[in-house]
Amino acid sequence: MFSHVVRKLLQSIPVVWGVVTAVFILMAVVPGDPARLMAGQRGDPATIEKIRHDLGLDLPLTQQYTKFIGELSRGDLGMSYRNNERVAAAIKTRFYATARLTVWAMLLAVTIGLTTGIISASKPNSPFDYTAMFVAVSGVSAPVFWVGLLLLLVFAYSLNWIPGIGAGDGNWKYLVLPAITLGVRPAAIIARLTRSCMLEVMSQDYIRTARAKGVKESAVVIRHALKNAMIPVVTIIGTSVSDLLSGAVLTESIFAWPGLGRLAVEALVNRDFPMIRGVVIVMALTFLVANLIVDISYGFIDPRVRYEGEK
Amino acid sequence: MEANPIRAEAGESLLKEAWVRFRRNKLAMLGLIMTLSIIFAAIFAGVLAPYDPKAQLAFTVNPALKLAGPSMQHPMGNDLYGRDILSRVLHGARISLEIGIFATLVTIMIGVPLGAIAGYMGGVWDDLISWLVNVIFAFPFILFVLAVVSVFRNPSLYLVFVAIGLVNWVALCRITRGQFISLRGSEFVEAARALGLPTWKIIFRHILPNAIAPIIVQTTLGMGGIITLEAGLAYLGFGAQPPTPSWGLMISEGQQYIARGQWWWSIFPGIAIMYTVLAFNFLGDGLRDALDVRQKR
């Protein structure tokens with residue numbers, strides 16, 4: 001088990017390096033002079049030159065790169081071009097809002113997706129199954145920002161059940177619609193996958209054996225079938241993190257949610273490159289960590305995985 | 001080309017068999033009909049649309065058409081400038097399909113050759129390409145595309161589909177790679193190698209035709225993702241620019257009026273996106289079953 005964890009950790013190092021370097025290159029080839037942007041219309045050549053020197057933009061690219069990596073390893077993501085703010089500090093204040101949103105969305109998605117998938121699989125082709133799968137396939141196909149607007153239209157503006165946009169100082173009522181909006185797609189994917197995996201597992205011999213032994217049907221489903229059907233579902237939960245972070249960019253824009261996604265869009269509009277760089281790196285690292293956790297958890301769910309590569 | 005009656009017949013019957021399976025699948029046929037209807041709308045938007053999608057009828061015809069709700073003359077209502085939303089939705093099919101097709105072409109041009117090289121050559125090539133795939137997979141797709149688009153000052157539609165293709169190829173690359181790994185040891189490949197054929201010929205003329213089914217399925221399923229992604233970009237203001245009748249852009253333009261109960265500007269284009277994505281998903285799932293593509297590791 002320990003070597004499994006270590007191997008997974010080592011495998012992610014070149015990917016992390018690639019992510020960081022790709023972002024650096026992308027931002028380095030951007031046309032336009034950030035120093036001129038910061039100095040604004042009134043900036044005289046001397047000021048621009050000074051800003052350029054302060055930012056280290058007068059150094060050759062290779063030196064800028066080593067400086068960037070050095071600072072990054074100390075958790076320093078540089079200064080925003082727009083306001084006198086450290087990028088790392090801005091990200092830290094926004095990270096919590098995104099984490100709160102995505103974690104709730106994921107919890108919703110897993111709970112609803114798993115339950116729906118299991119019920120659908122235990123009564124295939126029933127009215128419940130048809131309805132659930134119709135809703136699920138619509139959920140996979142609808143764009144997340146449109147789902148958000150639809151929910152706003154129905155629950156906030158027509159029925160007045162829930163407040164509209166904003167974060168409302170952490171009041172949970174403001175969290176409901178964004179979390180549902182963001183959770184719809186992963187919930188639909190998980191429901192569809194759970195259903196098909198459960199159906200496949202339920203036709204296996206060991207399930208017939210368990211039934212023949214007289215095990216209660218609920219125990220057959222939960223103890224025998226679900227455990228094996230979970231393996232592909234756990235994979236999807238890992239890859240959903242990427243979906244969730246992409247979805248957060250859009251969801252936060254609709255609901256004026258003060259998270260990383262909105263920070264990134266604002267930074268893109270302002271062409272604030274250190275900020276974009278910082279947010280993209282943090283999001284990519286979040287995704288890698290989430291997938292590392294999923295990869296490691298396979299070792300617990302499926303003992304076969306632990307030995308793969310050790311042979 | 002020399003005649004090879006046996007091979008031709010076998011190929012034909014395989015396709016015929018797939019078509020029989022496809023036709024029996026109701027959802028697949030529904031997907032095909034839906035897809036054809038979108039293509040039809042895109043080609044004949046100019047004839048089908050009752051009004052010019054850019055005509056600001058509130059200024060030219062009747063000021064009462066400003067944000068007018070659905071009516072007999074305008075089944076999907078009018079927007080702030082009195083433009084007919086139905087006409088804009090029909091023309092929007094053109095934009096979505098255009099981007100879908102061109103971004104898919106970019107995706108195929110990058111994903112298939114790289115996947116083929118990684119799978120067939122193995123070794124360092126495989127390590128390098130798989131590393132690149134993992135790196136790109138780690139980025140939230142929309143942010144990466146946004147970052148690429150934002151590099152340029154004037155985002156044109158060409159830029160959008162090139163940017164989408166630049167990140168979208170990774171899924172196709174993985175699938176192609178898997179196919180090539182499972183086929184590279186087959187006897188017909190051994191035979192081709194024994195005949196001394198050049199590597200590129202083995203890859204493209206001998207293995208690729210045998211690996212094409214999963215590539216077709218993935219490409220069809222991917223169309224929906226591309227169309228949604230483009231809509232998201234346009235929604236955030238980084239894709240199609242006004243007054244282009246892009247679905248994502250229309251949703252974004254209309255969203256502030258939703259709070260006032262004027263929902264039609266945003267809601268109808270969203271239904272159009274959902275319809276299109278559903279069509280490609282049904283079609284792709286149907287093709288998978290018909291072509292008998294099993295998910296292999």
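We now turn to the structure provided with this report.

### Some remarks on the overall build of chain A
And step 1. The number of helices and strands found in chain A is 13 helices and zero strands.
And step 2. Helices and strands appear in chain A in the N-to-C order α-α-α-α-α-α-α-α-α-α-α-α-α.
And step 3. Contacts spanning at least 24 positions in sequence make up 71% of the contacts within chain A whose residues lie at least 6 apart.

### A look at the nonpolar core
And step 1. Counting residues in hydrophobic clusters, the biggest one holds 160 residues, and the most contacted among them are Ala264, Val279 and Val280 of chain A together with Leu143 and Val145 of chain B.
And step 2. In terms of residue count, helix α8 (residues 173-202) of chain A provides more of this core than any other element does, 16 residues in total.
And step 3. For Val145 of chain B, the contacting residues outside a window of four places in its chain are Ala163, Ile164, Val167, Leu229 and Leu233 of chain B.

### Focus: the interface of chain B and chain A
And step 1. The partner chain A presents 38 residues to the 33 residues of chain B that form the contact.
And step 2. Every element with two or more residues in the side of chain B that touches chain A is listed here: α6 (123-138), α7 (141-150), α10 (199-236), α11 (247-258) and α12 (264-290) of chain B.
And step 3. Of the residues assigned to the side of chain B that touches chain A, the class counts are 23 nonpolar, ten polar and no charged.

### Looking at unusual backbone geometry
And step 1. Cis rather than trans, the peptide bond between Pro242 of chain B and Pro243 of chain B has omega equal to 5°.
And step 2. Tracing the sequence through the fold places Pro243 of chain B in the loop between α10 and α11.
And step 3. Positive phi, close to 65°, is recorded for Asn125 of chain A, a residue that is not glycine.
And step 4. Residue Asn125 of chain A is classed as exposed on the basis of its 9 C-beta neighbours within 10 Å.
And step 5. Positive phi values are uncommon outside glycine, yet Ala256 of chain A reaches one of about 50°.
And step 6. Tracing the backbone through its elements, the reader meets Ala256 of chain A in the loop between α10 (217-255) and α11 (260-270).
And step 7. By C-beta crowding, Ala256 of chain A is classed as partly exposed, having 13 other C-beta atoms within 10 Å.

What counts and what doesn't
Residues numbered from 1 in each chain as written. Chains lettered and ligands numbered in written order. Predicted model: local features only at pLDDT ≥ 70, side-chain atom pairs only at ≥ 80, totals over all residues. Helix = DSSP H or I, 4+ residues; strand = E, 2+ residues; numbered from the N terminus. Contact = placed C-beta atoms within 7 Å. Core = buried A, V, L, I, M, F, W, Y, C linked by C-beta atoms within 7 Å. Buried ≥ 20, exposed ≤ 12 C-beta atoms within 10 Å, placed from the backbone. Nonpolar A, V, L, I, M, F, W, Y, C, P; charged D, E, K, R; others polar.

All quantities given are derived from atomic positions and should not be read as evidence of function.
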